[in-house]
Amino acid sequence: GRYIPSGANMPLPSASDGSPFTETRYRPNGGAAAPPPSAPASAPTLTSKYVPHRVGPLVFKTTDQMPKIAAKLEEFNAVVGPERLSSAELTLLLESVLPKLAKPASGPSVIMTDAECAVVERIMQWPVQYVFPALDVGRLALANPGCASYIFGKRDGAVLWNVLKCLKDPDAPPQVVVLGCRFLCNMFTNRIVSDAAAKNMDAILESTRVAGLARHSNKKVRETFASMLINFSVCLYESKSDVERRIAIISTAISALQGPEKDPDVAFRLLVALGTAMSEDKAAAMNAMELGAASVVANVAPLGPMTKDCANEIAQIISSLMT
């Protein structure tokens with residue numbers, strides 16, 4: 001069987017958990033990220049409605065496709081070659097790891113053993129043509145504190161480098177790129193992984209640049225990439241990070257908007273990332289202006305009511321910091 005991973009939990013006002021499923025097969029690039037909220041028809045723009053982003057990270061923590069993920073993992077394990085799991089490891093994965101990760105994230109915390117976490121790490125090292133169901137498992141595992149601690153504590157985040165390697169592989173199937181981006185978004189689900197994301201921000205941004213995610217033909221890739229930028233910008237905003245790190249996000253967002261990005265959902269997320277990185281930091285705002293923020297914001301503002309409102313808020317930020 002094939003499956004369609006569920007959409008993003010986009011924690012913006014009035015956001016939903018994603019679009020309904022229209023097929024029964026497993027197609028990782030089919031799950032749409034949740035739509036942004038609808039803007040009021042006639043109400044005036046509210047100050048700080050969208051920037052800085054204040055309502056939590058944009059993450060992908062759930063799935064209702066676990067039986068089909070399991071079937072795909074079992075299918076690929078039979079043909080993956082030297083990296084295949086032993087019979088005991090495969091049983092542990094299918095009968096213990098996946099049922100635990102399928103439990104609602106809002107429920108009681110699930111305890112993951114080191115052996116279970118090690119199996120997740122093993123499958124995430126699979127070759128690029130087979131790794132996409134493993135990435136789906138990996139992004140769910142990051143939301144579990146025990147697994148996050150194992151992967152980015154005891155194992156020092158070795159799987160991150162394989163994810164980045166897969167993203168940069170020119171032969172990577174679209175579903176690998178989508179799920180790799182979702183893994184990066186989920187590096188903000190708890191303090192353990194968000195610290196690792198912050199530590200490795202430069203390497204992550206460079207890998208996404210090399211992979212060309214900002215101009216990828218698949219909208220879901222660009223949308224998830226923009227969501228990742230929002231998460232980084234919030235992390236830097238909340239930690240009052242130095243201007244150089246903010247500029248890295250600002251320049252990446254501006255470059256993506258200059259694509260030019262024509263999709264209103266993607267453009268909106270890029271604007272939120274840009275505005276959040278500029279917020280309450282005059283030096284960051286001035287650097288954004290030098291990088292051409294005003295013109296790119298003006299260019300995408302007409303794409304829709306959301307981009308228009310967000311562009312107005314960025315203009316307010318610039319105005320307030322420049323006075």
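Each chain carries its own residue numbering, running from 1 in the direction its sequence is written. With pLDDT at 70 or above as the cut-off, local features in this predicted model cover only qualifying residues; side-chain atom pairs require 80 or more to be listed or tallied, and sums for whole chains, interfaces and linings still use all residues. Neither water nor hydrogens contribute to the side-chain values; these are computed over all heavy atoms in the structure.

(A) Representation of the confidence of the model for the chain. For the chain, per-residue confidence averages 86 on the pLDDT scale, and residues scoring 70 or more make up 85% of the total. Note that pLDDT drops below 50 for residues 6-26; the model gives that stretch 67 contacts with residues more than four away or on any other chain. Across residues 29-46, confidence stays below pLDDT 50; counting only partners more than four residues off in sequence or on other chains, it has 47 contacts. pLDDT measures the predictor's confidence residue by residue and takes values from 0 up to 100. Every residue pair with non-hydrogen atoms within 4.5 Å of one another is taken to be in contact.

(B) Molecular detail of helix 7 (residues 174-185). Between its terminal C-alpha atoms helix 7 stretches 17 Å, which fits the 16 Å expected from twelve residues at 1.5 Å a residue. By the criterion of burial, helix 7 is predominantly enclosed, with eleven of the twelve residues buried. For every residue, the accessible area obtained with a 1.4 Å probe (protein chains only) is divided by the maximum for its type, and the residue is called buried under 20%, exposed over 50%, and partly exposed between those limits. Secondary structure elements are defined from DSSP: runs of H or I of at least 4 residues count as helices, runs of E of at least 2 residues count as strands, and each element is numbered from the N terminus. For helix 7, the complete set of buried residues consists of Gln-175, Val-176, Val-177, Val-178, Leu-179, Gly-180, Cys-181, Arg-182, Phe-183, Leu-184 and Cys-185. Considering only its buried residues, helix 7 is in contact with helix 4 (132-141), helix 5 (145-154), helix 6 (158-168), helix 9 (201-211) and helix 10 (219-238). What a helix should span is 1.5 Å times the count of its residues minus one.

(C) Examining the nonpolar core more closely. Put simply, buried Ala, Val, Leu, Ile, Met, Phe, Trp, Tyr and Cys residues joined by side-chain atoms within 4.5 Å make one nonpolar core. Counting 106 residues, the largest nonpolar core has Phe-183, Met-187 and Leu-274 as the members making the most contacts within it. If one sorts the elements of this core by residue count, helix 12 (residues 264-278) sits on top with ten residues. Setting aside residues no more than four positions away along its own chain, Met-187 makes contact with Leu-142, Phe-152, Leu-160, Val-193, Ser-194, Ala-196, Ala-197 and Ile-204.

(D) Structural view of the packing of helix 11 (residues 243-257) against helix 12. Lines fitted to the C-alpha atoms define the axes, with helices restricted to the stretch that makes contact. Angles between their N-to-C directions range from 0 to 180 degrees. Remark: helix 11 packs on helix 12, axes separated minimally by 9 Å, with the N-to-C direction vectors making an angle of 155 degrees. Put simply, helix 11 runs roughly antiparallel to helix 12. Considering only the axes of helix 11 and helix 12, their crossing is left-handed. Contact residues: Arg-246, Ile-249, Ile-250, Ala-253, Ile-254, Ala-256 and Leu-257 in helix 11; Ala-267, Leu-270, Leu-271, Ala-273, Leu-274, Thr-276, Ala-277 and Met-278 in helix 12. Relative orientations are named as follows: roughly parallel for angles under 35 degrees, roughly antiparallel for angles over 145 degrees, roughly perpendicular for angles from 65 to 115 degrees, and oblique for any other angle. Should the near helix be turned counterclockwise from the far one by less than a right angle, the crossing is left-handed, whereas a clockwise turn marks it as right-handed.

(E) Structural view of the pattern of salt bridges. When a carboxyl oxygen of Asp or Glu lies within 4 Å of a side-chain nitrogen of Lys or Arg, that pair is called a salt bridge. Counted according to the given criterion, the structure contains 14 salt bridges. The shortest N-O distance in the salt bridge between Glu-116 and Lys-100 comes to 2.9 Å. Of this pair, Glu-116 sits in helix 3 (residues 114-123) while Lys-100 sits in helix 2 (residues 87-101), and the two are 16 residues apart along the sequence. By relative accessible area, Glu-116 is classed as buried at 4%. Under the relative-accessibility criterion, Lys-100 is labelled partly exposed at 21%.

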